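Each chain, written out:
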Amino acid sequence: MAILGSIIKSAIDLKDSLSSDSSPVTEQQVVLRDLLEQAKDTAFGKYYGFSNILESDCVSDAFAKAIPFYDYHKMKREWWCKVEDGLEDIVWPGKPHYFALSSGTTGKKSKRIPVTDAMITAIRNAGIQQVSALSNFDLPADFFEKEIMMLGSSTDLSERDEFLEGEISGISASNIPFWFKGYYKPGEDIAKIDDWDQRIQTIAERAKEWDIGALSGIPSWMELMLKKVIEYHGAKTIHDIWPNLQVFTSGGVAFQPYEKSFNLLLDKPITVIDTYLASEGFIAFQQRPDTTAMKLVTDNGIYFEFVPFKPEYILEDGSLSQKAEVVTLDNVTTDQDYVLLMSTASGTWRYLIGDTIAFTDVEKAEIIITGRTKFFLNVVGSQLSVNKMDTALRTLEQKFDIEIPEFTVAAVQKEGAFYHHWYLGTESDVDTGKLRDALDEALQEANKNYRVARSKSLKGVIVSTVPPEKFNDWNGKNKKKGGQVKMARVMKEEKFKEWQAFVGE
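Keep in mind the model is a prediction, meaning the values are calculated, not measured.

Caption draft 1: Layout of empty space enclosed by the protein. Within the structure shown, the criterion is met by one cavity of 30 Å³ or more. Each pocket or cavity is described by its volume, and for the largest cavity that value is around 60 Å³. Along its surface, the largest cavity is lined by 13 residues, and Val83, Val91, Trp92, Gly94 and Pro96 are the ones closest to its centre. Residue composition of the lining of the largest cavity, by class: eight nonpolar, three polar and two charged.

Caption draft 2: Molecular detail of the sheet that holds strand β17 (residues 417–425). Spatial ordering of the open sheet is given by β16-β17-β18, a layout of three strands whose pairing is mixed. Only two strands of the sheet have a single neighbouring strand rather than two, namely β16 (406–414) and β18 (458–466). Averaged over all neighbouring strand pairs, the angle between strand axes comes to 20 degrees, with direction disregarded. Note: β17 against β18, eight bridges, orientation parallel.

Caption draft 3: The environment of Phe248, seen in detail. Relative to the helices and strands, Phe248 is located in strand β8 (residues 247–251). Note on Phe248: relative accessible area 0%, which makes it buried. Once the C-alpha coordinates of Phe248 and Ile270 are considered, the two residues, 22 residues apart in sequence, prove to be 7.0 Å apart. Other than its neighbours up to four places away in sequence, Phe248 contacts Leu215, Ser216, Gly217, Pro219, Met222, Phe255, Phe262, Ile270, Thr271, Val272 and Ile273.

Caption draft 4: Inspection of the packing of helix α14 (residues 432–446) against helix α15 (residues 448–455) at higher detail. Relative orientation of the contacting elements α14 and α15 amounts to 125 degrees, with a least axis distance of 5 Å. Accordingly, the angle class assigned to the pair α14 and α15 is oblique. Residues Asp440, Leu443, Gln444, Glu445 and Ala446 of α14 pack against Lys448, Tyr450, Arg451 and Arg454 of α15. Here the contact of α14 with α15 is built from residues that sort into three nonpolar, one polar and five charged.

Caption draft 5: Here's a closer look at the packing of aromatic side chains. With the rule as written, the count across this model stands at 29 aromatic pairs. Pairing Phe99 with Phe163 gives two aromatic rings, centres 5.0 Å apart and planes at 80 degrees, and the pair type is edge-to-face. Pair noted here: Phe99 is in strand β1 (residues 98–102) and Phe163 is in strand β5 (residues 163–166), with a separation of 64 residues, a long-range link. The burial state of Phe99 is the same as that of Phe163; both residues are buried. When the centroid spacing of 5.2 Å and the interplanar angle of 75 degrees are considered together, the rings of Phe306 and Phe359 count as edge-to-face. One end of the pair, Phe306, is in strand β12 (residues 302–308); the other, Phe359, is in strand β14 (residues 351–361), and 53 residues separate them in sequence. The exposure class of Phe359 is buried, given its relative accessible area of 2%. Linked through ring pairs, Phe44, Tyr47, Tyr48, Phe50, Phe63, Tyr70, Trp79, Tyr303 and Trp349 together constitute an aromatic cluster. Across the ring face of Tyr70, the terminal group of Lys74 is positioned such that the distance to the ring centre comes to 4.9 Å. Sitting above the plane of the Phe99 ring, Arg112 keeps its charged end 4.4 Å from the centroid.

About the criteria used
Residues numbered from 1 in each chain as written. Predicted model: local features only at pLDDT ≥ 70, side-chain atom pairs only at ≥ 80, totals over all residues. Heavy atoms only, no water. 1 Å grid on protein atoms, 1.4 Å probe; cavity = no way out; pocket = protein on both sides within 12 Å on 5 of 7 lines; lining within 4 Å. Points joined across faces, edges and corners; volume = space filled by probe spheres on them. Nonpolar A, V, L, I, M, F, W, Y, C, P; charged D, E, K, R; others polar. Pairing = 2+ DSSP bridges. Helix = DSSP H or I, 4+ residues; strand = E, 2+ residues; numbered from the N terminus. Axes fitted to C-alpha atoms, helices over the stretch in contact; angles between N-to-C directions. Buried < 20%, exposed > 50% of the residue type's maximum accessible area, 1.4 Å probe, protein only. Contact = heavy atoms within 4.5 Å. Parallel < 35°, antiparallel > 145°, perpendicular 65-115°, else oblique. Phe/Tyr/Trp six-rings, centres within 6.5 Å; stacked < 30°, edge-to-face > 60°. Lys NZ or Arg CZ within 6 Å of the ring centre and 35° of its normal.

All we've got here are geometric facts, nothing functional implied.
Structure follows, in structure tokens:
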């Protein structure tokens, strides 16, 4: 019997049974007050009168009225530049020890987002909450004795002035609790290897030394790592190498687009658990097995607000109009996409993270990620979210029995008319005309705005297919392999021309 595993599982079950029953709305009110109290004597807190806000009859209303929306560029220009210069007590007490580098899915230049000790603690606490939620997934006791392969960015952080910087996955991994280090793979030495290909090669060479029970990382990069391990050992599936693999914790992007191609690497089903970790904080995680939605972390260092996604609220650069309406958690509904705003223990205030979400269960505060503010394809009124695009592509996978783990799309003009030009990442040899017609039909069935656009100004659809590896090569060329890097699902026309030239090389 797995004695240690049974002890750990029992402790998790006990902790879960003792968890607080306070509502997410109440937790958010407590978090907002706590954030304002801690930051009231900072330069930001004094400028916007946090002390007066705390004395208001309705703190959340006063907070929303006093402080404008901030995106990264506005926050950096007006406040974070002072933090980078080494000044104290600007947006959060003291100074941060870290800056998280995030190029995300747009832009070649990394954003630098402060990560305070309070945020490190909040991320760690959210991770413990997620581990505690494993009690809901009916995993066997011996699972809790297995090792966890965490495929993030390098933990060899760079020094810049008085700060350390790297991607948030690398910062988090460099701060894992001492008791967890025995379970953590590939281990500190390999995790510090900066070159992604070299790190993956080393993992492949060492793979049989480990008894991996769980994987954690972005699906596209995890797939490449698993393929490398399988190829290196001449195996059929990853279970030939790691027979006790039972769980994959997917982070940052939805797992569904990768599900079919990922399952081809397995000999038996595994439990997939979605998480939502961004450079700005640990936002949500899947708490129960009967949904793919994730529960917002409402009691731990982040206060959320929600702007109903409407085209008139989104400016050309993806930022928000200051006239946009905003609601708090107690007023959201399940039939609406929202732009996500965050105020955090790292000193982001009413901050536009750039993601759009939708609620699947308001009472439980469970959400799905529906896209990016910059990635809604709204040329000639089509109003397509990434979530609706993913749904249409899953229809194609089922119809033609193929895998399409990657895609990108742009609105292009030909002879004065608008078209949506799709590049699908697939090894399939299905005729592109058939894919085009099926995709167009699926989108029209899923989205009435798209259907109206197709009857008017949107002339048609173009589909091209390329091997899925092309998308990873593109990311490697433009940014950096591995870590938190994700593919841009919607491209502007200029960037799309660069993509087309790259594909044609």
